[in-house]
Amino acid sequence: MPPPLTPWEFWRQTLNSPKRILAPMVDASELPWRLLSRKYGTELAYTPMMNAGIFIREPRYRREHLESCAEDRPLIAQFCANDTEIFLKAAKMAEQHCDAIDLNLGCPQSIAKKGHYGAFLQDEWDLISKMVKLIHRELSVPITCKVRVFEDIDKSIAYAKMLEESGCYALTVHGRTREQKGPLTGLASWKHIQAVKAAVNIPVIANGNIQYWSDVERCLESTGADAVMIAEGNLTNPALFANLQPLVWDMGKEYLDLVERYPCPMSYARGHLFKIFNHCLTLEECFHLRQALVDGTNLEDFKAVVVELEKHFTPYQQGLKPWTPPADHPSSRLPFPPWHCQPYVRPSPEEHKKKIQLIMAEEAKRKREEEDNGQEKPEGVLSKNKMKKLARLARNPKKQARLARQDLVMCNQCSNLPGVKCEHKLCRTCCRKKCETETLTCEGHAGMTARRKEIRNDERSDLTEVTNSSNDVSSDSVPV
């Protein structure tokens, strides 16, 4: 039975005409974070994106992702799906715990491509229309959709109209294409959102380019949208909708208090603290706190990091010490000191492309010089992959400490770590090759000694003799 309200009645009566909306975010829009965001101006929130197939199979997955409370309304449950029946079954299980069901048609990540959902369904209009129509017809709560745009504005408009005709009650338009992600994210097109809003007769939510409160006001005015949705801007500043830049440790304390009341996976909590503290933890003087956050496994560990962070920056905050950001650090370009919540600004796609071009030019130049000089790769020069391994090692204090304890540097023949007790100072793979080719022994790498080979061969010979003799006895004793 279709929902009893029209799209605009649903928007006004059920959702209370929200203007400030928190996006669905995988492993990031869990209940404690939603409650913190609601305290600072968020009027409508979504669950994290849920995989419909996993949702119907795993009770624990359902509990974790659908956890809510009385203060957590209105709430929309978002699913990714590519099968009508599975989507319907999952939506049926969730409809009593939320105010609407949202279909994710905007996720551009590689996992969405592999699973064939999110933005990678945007060319399959027949399938999308079937899923939206089915939920609209069978559920007592409305269906909404979150989409990305096409390069062509007219195609984006036609896409939105198709969703409206299929039964979509509200449409979130992320003004970026499927290809705009990671280093190539760039700016969202508000012009696309404006065109979609002018073409449809359902509520439209604008998504993209929101980093400060002033962006919220500009977006609403520029697009004519009914509301604004934020994602990354909220992760670095959960008080963005309240037009505040609070102290990072205050937000950390409030969030951890909520996690204590409404437990969630510690990986979620760690991720949120990294985002809030980002500008502080990238300062060299705070590297130890960054590592403490990495190593932390419980709330007490995380609270200790918050206390240490506050203790370190409070003298600067109170003016007892002068603050001068390092010239080469991103915090030198921030409008507020790094201990205030504020957005992380990605490098532009043009900067990223320029960097890649410089790297490729340097590599090409090096290869030309080697060819002109007729040089072969000198013995002992590491390959690119091995250099990457060394770089990862340099960033990993645990491995460095392990090397220091072992009093070893590297395997004598490759860039891997050597065995602790290896007689040849080699890693397992290189030691095995050496033992096999040179008939050597290595007590440190059990199973790679010449003696063990001999024993194994002797055992095989004995086993063969026993088997042959038993076969002879069996053939005599079994009647033909």
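Rules of the game
- Residues numbered from 1 in each chain as written.
- Predicted model: local features only at pLDDT ≥ 70, side-chain atom pairs only at ≥ 80, totals over all residues.
- Heavy atoms only, no water.
- Axes fitted to C-alpha atoms, helices over the stretch in contact; angles between N-to-C directions.
- Helix = DSSP H or I, 4+ residues; strand = E, 2+ residues; numbered from the N terminus.
- Parallel < 35°, antiparallel > 145°, perpendicular 65-115°, else oblique.
- Left-handed = near helix turned anticlockwise from the far one by under 90°.
- Contact = heavy atoms within 4.5 Å.
- Nonpolar A, V, L, I, M, F, W, Y, C, P; charged D, E, K, R; others polar.
- Buried < 20%, exposed > 50% of the residue type's maximum accessible area, 1.4 Å probe, protein only.
- Arc of directions from axis to C-beta.
- Core = buried A, V, L, I, M, F, W, Y, C linked by side-chain atoms within 4.5 Å.
- Pairing = 2+ DSSP bridges.
- Right-handed = clockwise from strand over helix to strand, strands pointing away.
- pLDDT = per-residue confidence, 0-100.

Turning our eyes to something else, we now look at the packing of helix α13 (residues 266-276) against helix α15 (residues 287-295). Two elements in contact, α13 and α15, have axes whose closest approach is 10 Å; the angle formed by their N-to-C orientations is 165°. Classified by the angle their axes make, α13 and α15 are roughly antiparallel. By crossing handedness, the relation of α13 to α15 is classed as left-handed. Residue-level inspection shows R270, L273 and F274 of α13 in contact with α15, the latter providing R290, L293 and V294. Grouping the constituent residues of the contact of α13 with α15 by class yields four nonpolar, no polar and two charged.

Listed as buried for α13 are Y268, A269, H272, L273 and I276. On an axial view of α13, the arc spanned by its buried residues comes to 130°, and they lie on one face.

Within the largest apolar cluster, 56 residues are counted, with the highest numbers of intra-cluster contacts made by I21, W33, V248, Y255, F277, L309 and F313. Each residue touching L309, except ones within four places of it in the same chain, is listed here: V248, W249, F277, C280, L281 and L289. Counting 53 residues, the second largest nonpolar core, distinct from the first, contains A91, A94, L105 and V147.

Moving on, we get to the pairing of strand β6 (residues 143-148). With respect to burial, β6 is a largely interior element, six of its six residues being buried. Judged by which residues are buried, β6 turns out to be covered on both faces: I143, C145 and V147 on one side and T144, K146 and R148 on the other are all buried. Here strand β5 (residues 100-105) runs beside β6; their pairing, made up of five bridges, is parallel. In the sheet register, I101 faces β6, and the bridge partner there is I143. Pairing of β6 with strand β7 (residues 168-174), which is carried by five bridges, proceeds in the parallel orientation. Across the sheet, the residue bridging to R148 is H174, located in β7. Once you follow β6 into helix α8 (residues 153-166) and on to β7, the crossover reads as right-handed.

This part takes up the side chain of R34. Checked against the element boundaries, R34 lands in helix α2 (residues 31-39). According to the relative accessible area criterion, R34 is buried, its value standing at 0%. Not counting chain neighbours up to four residues away, the residues in contact with R34 comprise L22, S29, A45, Y46, T47, P48, E67, S68, D72 and L75.

Let's shift gears to the confidence of the model for the protein. Residues with a pLDDT of 70 or more make up 84% of the protein, whose mean pLDDT is 87. Per-residue pLDDT stays below 50 along residues 466-480; that stretch engages in zero contacts with residues further than four places along the chain or on separate chains.

What follows deals with the packing of helix α12 (residues 248-261) against α13. Think of two packed helices as two axes; the pair is described by the angle between the axes and how far apart they sit. It is at 10 Å that the axes of α12 and α13 come closest, and there the two elements cross at 165°. Taken together, the axes of α12 and α13 are roughly antiparallel relative to one another. Here α12 runs over α13; the crossing is right-handed. The residues of α13 that touch α12, namely those facing V248, M251, G252, Y255, L256 and V259, are M266, Y268, A269, H272, L273 and I276. Tallied by class, residues from the contact of α12 with α13 come to 10 nonpolar, two polar and no charged.

What follows covers the environment of H340. Examined against the element boundaries, H340 turns out to sit in the loop between α16 (299-317) and α17 (349-372). Residue class for H340 comes out buried when judged on its relative accessible area of 16%. With 94 residues separating them along the chain, H340 and P246 place their C-alpha atoms 5.5 Å apart. When neighbours within four sequence positions are excluded, H340 is seen to be in contact with Q245, P246, L247, V248 and Q317.

The subject of this paragraph is the pairing of strand β4 (residues 75-80). Burial runs high along β4: six of the six residues are buried. Side chains of β4 alternate between two faces, with L75, A77 and F79 and I76, Q78 and C80 buried alike. By the bridge criterion, two bridges tie strand β2 (residues 44-46) to β4 in an arrangement that is parallel. Paired with Y46 across the bridge in β4 is I76. Bridge count for strand β3 (residues 50-51) against β4 is two bridges, and the pairing is parallel.

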